[in-house]
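Structural overview for review
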Amino acid sequence: MFKKTILILTILFISIYFLLSNAINNNDYKYLKIYFPSNIKQTVKYYLFPQKYKKEISNKAYKLNEKIYDYFESSKITFNLKNLNNYKKIRRVILEDYILDEEQVKIFKLEDKKSFLKKHEILENYANYQVYESKYYNIKHFGILDKAKENCLEKKLFIYNIGHSHKLIKSDKYLYLKSLMLSKCFDFFTLSMTGVGINQTTNNDYDFPSKIAGANSEAHDDYFTYFDKKYPHKKPLSLMLSGNYFLINKILSEKNYTDVIMAGFSGGGWYATIIPSIITKIKTSISYSGTIPLIYKSYTTGSHVEKEDVDYEFYKNSSYIDLYYLSTLDDNFSSSRKHFQIYGSKDVVFQSRFAKLFKKSFSLKNFEIIIDNENLASHAINPEIFKSLID
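Not measured: the values here are computed from a predicted model. (Residues numbered from 1 in each chain as written. Predicted model: local features only at pLDDT ≥ 70, side-chain atom pairs only at ≥ 80, totals over all residues. Heavy atoms only, no water.)

The complete set of buried residues in helix H15 (residues 383–390) reads Pro383, Ile385 and Phe386. Seen from one end, H15 has its buried residues packed into an arc of 160 degrees, which puts them on one side. The secondary structure elements touched by the buried residues of H15 are strand S4 (156–161), helix H7 (172–183), strand S6 (259–265), strand S7 (284–288), strand S8 (338–344) and strand S9 (367–372). (Buried < 20%, exposed > 50% of the residue type's maximum accessible area, 1.4 Å probe, protein only. Helix = DSSP H or I, 4+ residues; strand = E, 2+ residues; numbered from the N terminus. Arc of directions from axis to C-beta. Contact = heavy atoms within 4.5 Å.)

Here the focus is the sheet that holds S6. Strand pairing in a sheet relies on backbone hydrogen bonds. The paired strands run either parallel or antiparallel. Strand order in this open sheet of nine strands is S1-S2-S3-S5-S4-S6-S7-S8-S9, and the pairing throughout is mixed. The outermost strands of the open sheet, each flanked by one partner alone, are strand S1 (106–109) and S9. Each neighbouring strand pair of the sheet contributes to a mean axis angle of 20 degrees, computed without reference to strand direction. Where helix H14 (residues 352–361) meets the sheet, its contacts fall on S8 and S9, and the angle it forms with S9 comes to roughly 155 degrees. (Pairing = 2+ DSSP bridges. Axes fitted to C-alpha atoms, helices over the stretch in contact; angles between N-to-C directions.)

With 14 residues, helix H5 (residues 84–97) should reach 20 Å at 1.5 Å per residue; the first-to-last C-alpha distance of 20 Å fits that figure. Turning to H5, its buried residues number three or more, namely Tyr87, Ile90, Arg91, Ile94 and Asp97. For H5, the arc enclosing every buried residue in end-on projection is 160 degrees, short of the 170-degree limit, so these residues lie on one face. Where H5 is buried, its residues meet helix H8 (238–254), helix H9 (267–278), helix H12 (312–315) and helix H13 (320–326). Capping the start of H5 is the job of one residue whose side-chain oxygen sits 3.1 Å from the backbone nitrogen of asparagine 85: asparagine 83. (Expected span 1.5 Å × (residues − 1). Polar contact = N/O pair within 3.5 Å; in protein donor to acceptor, adjacent residues only side chain to side chain.)

Moving on, we come to the pattern of salt bridges. Tallying each qualifying case throughout the model produces eight salt bridges. For lysine 82, the salt bridge identified is with aspartate 322, shortest N-O distance 2.4 Å. Separated by 240 residues along the polypeptide, lysine 82 in the loop between helix H4 (50–75) and H5 and aspartate 322 in helix H13 bring together distant segments of the chain. When its relative accessible area of 1% is taken as the criterion, aspartate 322 is described as buried. For lysine 250, the salt bridge identified is with glutamate 254, shortest N-O distance 3.7 Å. Residue lysine 250 and its partner glutamate 254 are located together in helix H8, separated by four residues, close to a single helical turn. (Salt bridge = Lys/Arg side-chain N within 4 Å of Asp/Glu carboxyl O.)

Moving on, we come to the state of the cysteines. If you walk through the whole model with that rule in mind, you get one disulfide. A disulfide bridge connects cysteine 152 with cysteine 185, and the sulfur atoms are separated by 2.1 Å. Since a negative S-S torsion denotes a left-handed disulfide, the cysteine 152-cysteine 185 link at about -80 degrees is left-handed. In this pair, cysteine 152 sits in the loop between strand S3 (139–146) and S4 while cysteine 185 sits in the loop between H7 and strand S5 (186–191), placing the two residues 33 residues apart along the sequence. On the accessibility criterion, cysteine 185 (22% relative accessible area) is partly exposed. (Disulfide = S-S within 2.5 Å.)

Attention now moves to the nonpolar core. Side chains of nonpolar character tend, in soluble globular proteins, to be buried together. Among the nonpolar cores identified, the biggest contains 72 residues, and Phe189, Trp270 and Phe358 are the most heavily contacted of them. Here the element with the most residues in this core is H8; it accounts for nine residues. In this structure, tryptophan 270 is in contact with Met193, Leu237, Met240, Leu241, Ser287, Gly290, Thr291, Glu308, Asp309, Tyr315 and Tyr320, ignoring residues within four places of it in sequence. Residues Ile122, Val131, Ile169 and Tyr174 belong to the second largest nonpolar core, which totals 32 residues. (Core = buried A, V, L, I, M, F, W, Y, C linked by side-chain atoms within 4.5 Å.)

This paragraph deals with the pairing of S9. For S9, the buried fraction is high: five of the six residues fall into the buried class. Sheet analysis places S8 next to S9, joined by six bridges and oriented parallel. Looking at S9, one finds that phenylalanine 340 is bridged to glutamate 368. Following the chain from S8 across H14 to the adjacent parallel S9, one finds a crossover that is right-handed. (Right-handed = clockwise from strand over helix to strand, strands pointing away.)

Shape descriptors only; they carry no functional weight alone.
If you want it as structure tokens, here you go:
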């Protein structure tokens, strides 16, 4: 009797399972399904049919994304520039509030540079080089300067921020880009984002005023608790911008470069958007899959948003459009510099179709939006396009 009961219950459960499976997203059962609360139906799908649940959510997200894109496409969005006095104020405010004071920062060359490269397992990729460090509070940023051949007639500098990645500095694309620029007589200066890449540290080995317990050095959101009573006007974003800013200015102070280019990929492209807006010695800046106006970024599928991308306090007064424009303006606020925004055609973080809408909606002297149709990767650089921009 017991075995028979077990068999009947098993058959019953299997039958119910297949019935439920067949009923999911099937309109033939719609009159039956209306008697069950929505939260119960979602719970059943989530626990018993996770693959179907994921597919349903994915399909809904895709349809919503398509509707949003259609809306943007028909809206004909345009962007307007502010007057020149506003841009003078924006540059001044960034320098005063979002870059630490010089007295707060120490800059020096590493004496044991080989150990630093060994730590990151990249010693074999360097020959004629120097490693620089900037330090404030207990936050460290590093820069590796590869030096071009001594027989180069011009002194030129290519600054490259590799972004979030810990591995990109070992990649074939990075090494090819570096080799390419060195062959063209550019010194090559490698930087990373705060807390990652060559700036990677442990959670116990970094510190700053108002740091919360358990803060993660790689989690950029955790830097936004920063407040220093001695420098109350300094904003949290200054912890992320100041390292790159002071390292670049240190290199620029040591040589009289005839040409300076800054480029960056992903998070590094974010730096290559903001830093050139305040360092006018950078003649050309190139952000590759780094930034896009927030109205587009907010709706791109797969778009990973970091706090620094959307910090309201910063962007309420200085939008990405403002930063693009400032990156073309020199010390006299004349448009004598160049800025490029590049997006891979298959990039999942910055969908090229939204980038195409951006290209239609905004034009500016010495500013260009490029859709890289040669790059079919989901999120990666194409070194060849850098070559085409400097030749």
